[in-house]
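# Observations on chain architecture
Residue-level listing of the chains:
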Amino acid sequence: MEQSTTGEYIPEHASHWRIEPFVPVPVTDLVEYLATRLPLAIDADSFVEVCRRMASHLYHQTFPLHQKLEGAYAGLDPDRDTSLLASRNEAELLEDAAQVSELMRDLLATADYAELSREELDTAVQVASLWGVPLHVDLNIFRHLAVFARGDVVGMREHRHWKRLYRKQLVEVPIYRRLVVLFQVLPDIAVDGEGESNRLYLRMFKNIPKADVDMLLPGTSIRIGWFDRTKILVPSLGGLGMTLWKLVRLVLLVAVVTTGKLWVVVGLVGATIGYVFRSVSSYFQTKKNYELNLTRSLYFQKLDSNAGVIYRVLEEARQQACRETVLGYFALLTACHASSAAAPSAGTSHGPATVDAELWQSIGVSRRRMRRYGERIIREALGVEINFEVDDALKRLAEMGLTQSAAEDCWTALSPQAAIARLASRTTT
C-alpha cells in the first residue's frame, strides 16, 4: 500500500465501491500478457502485430474528433496565447460551448467516466470529509456545469480522534481516482479568476474524496463550523465579560472615591477593545487557514486544466477503446479456437484443428460468453472486477472487418494472419 501525494493510502489494485468498465492496465502490458495466454496453434507475434495495427487504426480514427474539439474550443479557451483571425459573437460562442460540452460527454463516456447527478453534487455540497474544507456553494451561478468521475475506489487515510487519545488510525475513504469538472458561469457573475461568461473552463483532478467534490467548484466561500466558532467566541466572550465586570466595579469605585485615576478606566476600555479585535482577528485567521488548506490540497490533486484536459481525455478514451478492442479480439479468437480444437480435424479422427489464416473460424461465441471470458482474464491478471463493455468492442472489431455475426448473437473472429491482411488493406484504401 503506497501513499499518494494527497495523503491517501491507495493499494495498487484498490477495492472498488462499484464495478466499472475501466480496464486498469497499459495497452502494451495487456497485449504482452494476452500473448502469453495464446494457444500454441496461434502465432503470438502475429497477434501482437494485429494489436499494433488496431491501435494505429483507432489513433487515426480519433484525429478528426481532435481537430473538431480543438477548433470549437479555440474561442473559449481562457489560456490561449493566440489571436483569432475571425472574432466570434456571443451566440456563436454559446454554440461552441454547447458543442464542446456534448463532444466531451461522448469522449468521457468512451474513457469510462460517469457523470455525477445533481443529487450527488448536492450531497457533496452539504458535507465535508474529515480532511476537506467546509464550503458554501451556489450551483445556480452556472450556465454549464458537469462533473465526471472514474475509479470509485476504497482508499485509506490517517486520522486522529480524541477517543483514541489522538493516536493515528487508518480509516476508509470513498475516493474518485479521476475527476473532471466542466463549467461556464452565467453573465454578470463575479467569480475570482474563473468568472468570464464567454469562456468554458475544464479541470481534471486525482484522488478526490467523494465528500469533497465541492472543493473543485468555483464561486465557493469558506463555511466556519460551530466547533471553530466555539473555539473563537468562548475565550473571547469570557475575557470580554470579565473585563466589563472589572470596568463597572472600577468606575463605581472611582466615582465614589476620586476622579484622579481615570487612566485606569481608559486602560480597561482599551483592553475591552483589544479583546474585540482579537476575536475578529481570530475569525479571519481561521478562515485563512482553511483557504491555505484548500490551496495546498488542490495544488497536489490538480492534474490539468482547459485545453490540457481535452488532450488528456482524448488519449484516455483512445487507450480505453484500444484495451477493450484488444481484449474483445483475444476473447473471440481464443474462445473460437478452443471450441474448434475440441472437435476432430477434417480427415482425421483426433487431434486439434488448425487455424486457417484465410478463413473465418466457424464456431461462434455469444456476447455473454465473450463478456464473462474478458472479465475473467482481467480478474486473473489483476485481481480486479470489471464490467467488460463487449458491445463497444464488437462494434469496433466489426468496423475494422475483424469479426462478423455467424448467427443471432454468435460472433466469430478473423485469425491473426487474415486480420493483418485485412487491416493492411484498410490502411492502403
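## With respect to the overall build of the protein chain
- Along the protein chain, the regular secondary structure elements total 10 helices and 11 strands.
- Per-residue burial for the protein chain yields a buried fraction of 43% across its 429 residues.
- As displayed, the protein chain has an accessible area near 23,200 Å², and 55% of this comes from carbon and sulfur atoms.

## A word on the pattern of salt bridges
- In total, this model carries 14 salt bridges according to the counting rule given.
- The partner of R367 in a salt bridge is D409, with the nearest N and O atoms 3.3 Å apart. Residue R367 is found in helix α8 (residues 367-382), and its partner D409 is found in the loop between β10 (403-407) and β11 (410-413); the two are separated by 42 residues along the sequence.

## Considerations on the state of the cysteines
- By the definition in use, this model includes zero disulfides.
- There is no disulfide at C51, and the cysteine sulfur nearest it, in C322, is 7.4 Å away.

## Side note on the nonpolar core
- L34, F47, M54, V326, Y329, L332 and M370 are the most contacted members of the largest nonpolar core, which has 45 residues in total.
- Looking at this core element by element, the count peaks at 10 residues for helix α7 (residues 307-341).
- Counting 26 residues, the second-largest nonpolar core is a separate cluster that includes Y73, L103, L200 and A317.

## Thoughts on the packing of helix α2 (residues 44-73) against helix α9 (residues 390-400)
- It is at 12 Å that the axes of α2 and α9 come closest, and there the two elements cross at 95°. One way to sum up the angle between α2 and α9 is to call them roughly perpendicular. Residues M54, H57, L58 and Q61 of α2 lie in contact with α9, whose contacting residues are R396, L397, E399 and M400.
- Looking at the contact of α2 with α9 residue by residue, the class counts come to four nonpolar, two polar and two charged.

## So, the packing of helix α1 (residues 27-36) against α2
- Between α1 and α2, the least distance of the axes is 9 Å, while the angle of their chain directions is 155°. Classed by the angle they form, the pair α1 and α2 counts as roughly antiparallel. Crossing handedness for the pair α1 and α2: right-handed. Where α1 approaches α2, its residues V31, L34 and A35 are matched on the opposing element by A44, F47, V48 and C51.
- In the contact of α1 with α2, the residues fall into seven nonpolar, no polar and no charged.

## As for the side chain of R323
- Structurally, R323 can be placed in helix α7.
- Here R323 is buried and forms no salt bridge, its nearest opposite-charge partner D112 lying at an N-O distance of 6.9 Å.
- Within the local environment of R323, its side chain forms a polar contact with the backbone oxygen of V25, the two atoms lying 3.3 Å apart.
- Here R323 is in contact with F22, V23, V25, P26, V27, L30 and E316, once residues within four sequence places are set aside.

## Re the packing of aromatic side chains
- Here the structure, examined in full by the defined rule, presents five aromatic pairs.
- Between the aromatic rings of F183 and Y201, the centroid separation amounts to 5.2 Å while the plane-to-plane angle is 10°, which identifies the pairing as stacked. Linking F183 in strand β6 (residues 168-185) with Y201 in strand β7 (residues 201-209), this pair joins segments that are 18 residues apart in sequence. Each member of the pair F183 and Y201 is classed as buried.

## Focus: the environment of R368
- Positionally, R368 belongs in helix α8.
- Look at R368 and you get exposed, because its relative accessible area is 52%.
- Sequence separation between R368 and D409 is 41 residues, and the spatial gap between their C-alpha atoms is 9.0 Å.

## Some points on the environment of G328
- Note that G328 resides in helix α7.
- Given a relative accessible area of 0%, G328 falls into the buried group.
- It is 6.8 Å that separates the C-alpha atoms of G328 and V390, two residues lying 62 residues apart in sequence.
- Those residues in contact with G328 that lie beyond four places of it in its chain are M370, F388, A393 and L397.

## Looking at unusual backbone geometry
- Its identity is not glycine, yet N207 carries a phi of approximately 50°, on the positive side.
- Residue class for N207 comes out buried when judged on its relative accessible area of 4%.
- Although it is not a glycine, D409 sits at a positive phi angle of roughly 50°.

## Observations concerning the side chain of R203
- Along the polypeptide, R203 turns up in strand β7.
- Among the polar contacts listed, one links the side chain of R203 to the side chain of N306, at a separation of 3.0 Å.

## Side note on the environment of A55
- Tracing the chain through its elements places A55 in helix α2.
- Note on A55: relative accessible area 18%, which makes it buried.
- Every residue in contact with A55, bar those within four places of it in the chain, is listed here: R318 and C322.

## Side note on helix α3 (residues 90-110)
- The terminal C-alpha atoms of α3 lie 30 Å apart, and with 21 residues this matches the ideal 30 Å at 1.5 Å per residue to within 8%.
- Looking only at α3, the buried set comprises L93, D96, A97, V100, S101, L103, M104, L107 and L108.
- Looking at where α3 begins, the residue whose side-chain oxygen comes 3.2 Å from the main-chain nitrogen of A91 is N89.
- Positive phi appears at D112, one or two residues downstream of α3, with a value of about 65°.

## Details of the confidence of the model for the protein chain
- When pLDDT is averaged along the protein chain, the result is 76; 62% of the residues meet or exceed 70.
- Put simply, strand β1 (residues 2-3) is where the protein chain has its lowest mean pLDDT, 47, and α1 is where it has its highest, 96.
- Note that pLDDT drops below 50 for residues 1-6; the model gives that stretch 16 contacts with residues more than four away or on any other chain.
- In this model residues 339-362 is a low-confidence stretch, pLDDT under 50, and it forms 44 contacts with partners more than four residues away in sequence or in other chains.

Conventions we followed
- As a convention, each chain's residues are numbered from 1 in the sequence order in which they are written.
- Only residues with pLDDT of at least 70 get local features here, since the model is predicted, and only at 80 or more are side-chain atom pairs given and counted; chain-wide, interface and lining totals rely on the full set of residues.
- With hydrogens and water stripped out, all remaining heavy atoms of the structure feed into the side-chain values.
- Helix and strand assignments follow DSSP, with helices taken as H or I runs no shorter than four residues and strands as E runs no shorter than two, numbered in order from the N terminus.
- Residue exposure (1.4 Å probe, protein chains only): buried if accessible area is under 20% of the type maximum, exposed if over 50%, otherwise partly exposed.
- Under the convention used here, a 1.4 Å probe and the Shrake-Rupley method define accessible areas, while residue burial counts only the protein chains that appear.
- Think of a salt bridge as a Lys or Arg side-chain nitrogen and an Asp or Glu carboxyl oxygen that are within 4 Å of each other.
- Here, two cysteine sulfur atoms that lie within 2.5 Å of each other are counted as a disulfide.
- Nine residue types can take part in a nonpolar core, namely buried Ala, Val, Leu, Ile, Met, Phe, Trp, Tyr and Cys, and a core is a set of them joined through side-chain atoms within 4.5 Å.
- Axes, fitted as lines to C-alpha atoms, cover a helix only where it is in contact. Angles between the N-to-C directions of the axes lie from 0 to 180 degrees.
- Angle categories are assigned with fixed cut-offs, so that under 35 degrees is roughly parallel, over 145 is roughly antiparallel, 65 to 115 is roughly perpendicular, and the rest are oblique.
- Only heavy atoms enter the contact rule, under which two residues are in contact if any of them lie within 4.5 Å.
- All residues other than Ala, Val, Leu, Ile, Met, Phe, Trp, Tyr, Cys, Pro, Asp, Glu, Lys and Arg, Gly among them, are scored as polar; the first ten of these are nonpolar and the last four charged.
- When the near helix sits turned anticlockwise from the far one by under a right angle, the crossing is termed left-handed; a clockwise turn instead gives a right-handed crossing.
- Positive charges are assigned to Lys and Arg, negative charges to Asp and Glu, while His and the chain termini are left out of the count.
- N or O atoms closer than or at 3.5 Å make up a polar contact, with two conditions inside protein: a donor-capable atom paired with an acceptor-capable one, and, for residues adjacent in sequence, both atoms drawn from side chains.
- Any two of the Phe, Tyr and Trp rings considered here, Trp counted by its six-membered ring, make a pair once their centres fall within 6.5 Å; the pair's planes then place it as stacked at under 30 degrees, edge-to-face at over 60, or tilted in between.
- The span you would expect from a helix comes to 1.5 Å times its residue count less one.
- The predictor attaches a confidence to each residue, called pLDDT, with possible values from 0 through 100.

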